[in-house]
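# Observations on the model geometry
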Amino acid sequence: MRGVFRCMVPGLLLVVCVALSFGVYAGLHRRKGAAPKALLASLIPAGTRTLCFDGVQANPDCQLLFDLVRQTTDVAYVQDATQSRYDPRRDLVYMTSQMAEDVTAEAVHEYGHAVDRYLGSRDGGCAYYSQGPAFAQAYQSDQALVYRDLEPGDVFSTSAFRNPAVSDILFALFASHPSEQDVLLASYRCAGVTFWRHDEEYLADAGHRLTEVFADIFLILISDDEAAKSFLYAYLPQCTGSLLCAAEQAVQSIK
């Protein structure tokens, strides 16, 4: 289950929050030499990014799979958006009626799990594609790339951070790195944007991290958010390529 948080820090408090958080983070990472760019970009006026789906910017193979699972996956309505989830055993998406009507990012994320299951069950099983060897190996490769090349502040230098799926990916990648998670939390709270972060106990399971990152990548690929797509191509090229390859093969078999 995904927890969604919103926090607004006005005026002077925002500046103080950024300064203090950056100082703590720089101190923790003094051994790396020059202080990273973390948090400074949080001063950018943010706001919440409204995502659009089913447009010309969507990857056509992923869009076709999205349309397919929406037609074949049952929906059970819940009262609270935080209760949204996907049950692979019943191939059932839980969401609010408003999420379903508006096709929100939360709804697309849950349908992304259904796509993951669809790709994984094409051989007659019911496993997630994301937990198979191809995606798991891609994830390990991309995680090493992120650990080597990504400074937290790099995410905030473009509008990519406004996409909640990007935050969900980052918290999954840094699930075992408390100091990096702290600076991400401070950054998002200071920026005052909606962000996603799964429960720490839930993310302790490697399989959960794989399925959540898959659903987040899928969401971004069928959205109109070009900045978030650039983030994927820069820092998760293997995972993104693995998903796109599986989607293309599935669509070819359907046609």
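Reference entry: report on the structure contained in this document. Here the structure is a predicted model, which is why all the values come from computation and not from measurement.

Parameters and conventions
- Residues numbered from 1 in each chain as written.
- Predicted model: local features only at pLDDT ≥ 70, side-chain atom pairs only at ≥ 80, totals over all residues.
- Heavy atoms only, no water.
- Core = buried A, V, L, I, M, F, W, Y, C linked by side-chain atoms within 4.5 Å.
- Buried < 20%, exposed > 50% of the residue type's maximum accessible area, 1.4 Å probe, protein only.
- Helix = DSSP H or I, 4+ residues; strand = E, 2+ residues; numbered from the N terminus.
- Contact = heavy atoms within 4.5 Å.
- Phe/Tyr/Trp six-rings, centres within 6.5 Å; stacked < 30°, edge-to-face > 60°.
- Lys NZ or Arg CZ within 6 Å of the ring centre and 35° of its normal.
- Pairing = 2+ DSSP bridges.
- Arc of directions from axis to C-beta.
- Polar contact = N/O pair within 3.5 Å; in protein donor to acceptor, adjacent residues only side chain to side chain.

Further remarks concern the nonpolar core. Grouped together as the largest cluster of nonpolar side chains are 65 residues, with contacts concentrated most on Val155, Leu170, Tyr188, Ile217, Leu219, Phe231 and Leu236. With 8 residues, the top contributor of residues to this core is helix α10 (residues 206-221). Once residues lying within four places of it in the same chain are set aside, the contact partners of Ile217 are Phe135, Ile169, Leu232, Leu236, Cys239, Thr240 and Leu243.

To continue, consider the packing of aromatic side chains. Per the counting criterion, the structure on display carries 12 aromatic pairs. Of note, Arg85 hangs over the ring of Tyr94, and the distance from its end group to the ring centre comes to 3.8 Å.

Further remarks concern the pairing of strand β4 (residues 92-95). Of the two faces of β4, the one lined by Leu92 and Tyr94 and the one lined by Val93 and Met95 are each fully buried. As paired strands, strand β2 (residues 74-77) and β4 are joined by 4 bridges and run parallel to one another. In the sheet register, Tyr77 faces β4, and the bridge partner there is Met95. The sheet contact formed by strand β3 (residues 85-87) and β4 spans 3 bridges and is antiparallel. Residue pairing in the sheet places Tyr86 in a bridge with Val93 of β4. A loop of 4 residues connects β3 with β4, the two strands running antiparallel in sequence, and Asp91 in this loop sits at a positive phi of about 50 degrees.

A few words now on helix α11 (residues 226-235). Every buried residue of α11 is listed here: Ala228, Lys229, Phe231, Leu232 and Tyr235. The arc that holds every buried residue of α11, seen down its axis, measures 155 degrees, which confines them to one face. Where α11 begins, one side-chain oxygen reaches toward the backbone nitrogen of Ala227, 3.2 Å away; that side chain belongs to Asp225.

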